[in-house]
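Listed here are the chains, written in short residue letters.
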Amino acid sequence: MPNSYDPNNIFARILRGELPCKKVYEDAHVLAFEDIRPLMPVHALVIPKGAYLDMSDFSARASADEIVALTRAVGEVARLTGVAASGYRVIVNNGADGHQEVSHLHLHVLGGRPIGRMVGAPKQ
Ligand code: AMP
C-alpha cells in the first residue's frame with residue numbers, strides 16, 4: 001500500500017464511474033457498495049467521496065460535514081442491508097499492520113450471521 005494517495009486506486013476509479021459497483025447508498029459525501037469478494041452474507045464498503053488515504057488521513061483532514069456523513073452512512077447502510085436489528089461489525093483496516101489493501105479509506109460493514117469474536121490471534 002502506498003503511503004500517499006494514489007488517484008488511480010480502485011475506489012477512486014469507481015467514484016469516477018470508470019469501474020462498476022453494486023451501489024447500496026450514496027449522498028453528497030459518501031458512496032457505499034457491495035464488496036466484490038464478500039466475507040459475510042452482508043459485506044458492504046462505505047467510502048468518502050473525497051480523496052483520503054486512510055482513517056488517519058480522514059480524521060486529520062476531513063470536514064465536519066464529511067465526518068458526519070460517513071458516520072450516518074454506516075447506520076443507513078446497516079438499515080438498507082437489513083442488519084441494523086440483528087447486528088453487524090464495522091472494520092477499518094488502516095495501513096500496513098492493519099492489512100489495508102486499497103489506498104482509499106473504506107469502512108467494511110459485515111453481518112447477516114453471527115461473526116464471532118473480534119479478532120483471531122495474530123500470526124507470529
Ligand atoms: P482492505 O483489505 O480493507 O483494503 O479491503 C479491500 C476490500 O476491497 C476487499 O474486501 C476487496 O474484496 C474489496 N474490493 C477490491 N476491489 C473491489 C471492487 N472493484 N469492488 C468492490 N470491492 C472491491
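Structure: see above.
Small disclaimer: the values here were computed from a predicted structure and weren't measured.

Participant: Would you explain the sheet that holds strand E1 (residues 23–26) in this entry?
Facilitator: Sheet strands pair via backbone hydrogen bonds, and the direction of the pair is either parallel or antiparallel. Taken together, the 5 strands give an open sheet; going across it, the order is E1-E2-E3-E5-E4, and neighbouring strands pair in antiparallel fashion. For this open sheet the edge positions go to E1 and strand E4 (88–91), each flanked by a neighbour on one side alone. Strand-to-strand twist in this sheet, taken as the mean axis angle between neighbours without regard to direction, amounts to 20°. With respect to the sheet, helix H3 (residues 64–80) is in contact with E1, strand E2 (30–34), strand E3 (42–48), E4 and strand E5 (107–111), its orientation differing from that of E3 by roughly 160°.

Participant: Even after reading the chapter, I still don't get the site of the ligand, so can you show me in this structure?
Facilitator: Taken together, 16 residues sit near the ligand, with Asp35, Asn93, Glu101, His106 and His108 positioned nearest. Side-chain polar atom of histidine 106 to an oxygen atom of the ligand: 2.8 Å apart, as the coordinates give it. Take histidine 108: an N or O atom from its side chain is 2.8 Å from an oxygen atom of the ligand. Protein coverage of the free-state accessible area of the ligand, which is 510 Å², stands at 89%. Put simply, the parts of the chain that give the shell around the ligand at least two residues each are helix H1 (10–15) and E2. The dominant element in the shell around the ligand, judged by the number of residues it contributes, is H1, at 3 residues. Split into classes, the residues belonging to the shell around the ligand amount to 7 nonpolar, 5 polar and 4 charged.

Participant: It is not clear to me how the nonpolar core should be interpreted in this structure. Could you clarify?
Facilitator: In globular proteins that are soluble, nonpolar side chains generally tend to be buried together. Counting 16 residues, the largest nonpolar core has Val30, Val46, Phe58, Leu70, Val77, Leu107 and Val109 as its most contacted members. Sorting the residues of this core by element identifies E2, E3, H3 and E5 as the ones contributing at least two each. Ranked by residue count, the leading element in this core is H3, at 5 residues. Apart from the residues within four sequence positions on either side, valine 30 is in contact with Tyr25, Val46, Ile47, Lys49, Ala69, Leu70 and Ala73. Ranked by size, the runner-up nonpolar core spans 7 residues in total, among them Phe11, Leu31, Phe33 and Ile47.

Quick notes on the rules
- Residues numbered from 1 in each chain as written.
- Predicted model: local features only at pLDDT ≥ 70, side-chain atom pairs only at ≥ 80, totals over all residues.
- Heavy atoms only, no water.
- Pairing = 2+ DSSP bridges.
- Helix = DSSP H or I, 4+ residues; strand = E, 2+ residues; numbered from the N terminus.
- Axes fitted to C-alpha atoms, helices over the stretch in contact; angles between N-to-C directions.
- Contact = heavy atoms within 4.5 Å.
- Near = heavy atom within 4 Å.
- Polar contact = N/O pair within 3.5 Å; in protein donor to acceptor, adjacent residues only side chain to side chain.
- Areas by Shrake-Rupley, 256 points an atom, 1.4 Å probe, with all protein chains shown as cover.
- Nonpolar A, V, L, I, M, F, W, Y, C, P; charged D, E, K, R; others polar.
- Core = buried A, V, L, I, M, F, W, Y, C linked by side-chain atoms within 4.5 Å.
- Buried < 20%, exposed > 50% of the residue type's maximum accessible area, 1.4 Å probe, protein only.

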